[in-house]
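Understanding the architecture of this molecule
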Amino acid sequence: MWRLTGDFRHPVHVHLAHFQVLARNGRPPAATDAGWKDTVDVGPYEVVDVLARFDGHRGTYMLHCHNLEHEDMAMMADFEVI
């Protein structure tokens, strides 16, 4: 389970993995959050809990924000699944 937060709107995208939105600000997610996702919109000062599944492969995964300014500034993270 991951908890995603931000200071302003961030469309967070995870490469090669899917997740489900469990809660927004401690409340049940909206109907638009139903199903498996690879991107979730995190609003300003919002807390979004997601349950991620990493069963596609072992190795490096990447996540980033889809705001163009953030992509241009290389605001990305990678992590290793073993």
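Heads up: the structure comes first, above all this text.
Our subject in this report is the structure included herewith. (Residues numbered from 1 in each chain as written. Predicted model: local features only at pLDDT ≥ 70, side-chain atom pairs only at ≥ 80, totals over all residues. Heavy atoms only, no water.)

**As for the side chain of H13**
- The topology assignment puts H13 in strand β2 (residues 10-14).
- What makes H13 buried here is its relative accessible area of 12%.
- Here the side chain of H13 touches T39 through a polar contact of 2.9 Å, side chain to side chain.
- Leaving out residues up to four positions away in the same chain, H13 has contacts with D38, T39, M62, L63, H64 and H66. (Helix = DSSP H or I, 4+ residues; strand = E, 2+ residues; numbered from the N terminus. Buried < 20%, exposed > 50% of the residue type's maximum accessible area, 1.4 Å probe, protein only. Polar contact = N/O pair within 3.5 Å; in protein donor to acceptor, adjacent residues only side chain to side chain. Contact = heavy atoms within 4.5 Å.)

**Some details on unusual backbone geometry**
- At N25, a position not held by glycine, the phi torsion is positive, near 55 degrees.
- For N25, a relative accessible area of 41% puts it in the partly exposed group.
- Although it is not a glycine, Y45 adopts a positive phi angle of roughly 55 degrees.
- Locating Y45 in the fold gives a position in the loop between β4 (39-42) and β5 (47-53).
- You can call Y45 exposed: its relative accessible area is 66%.

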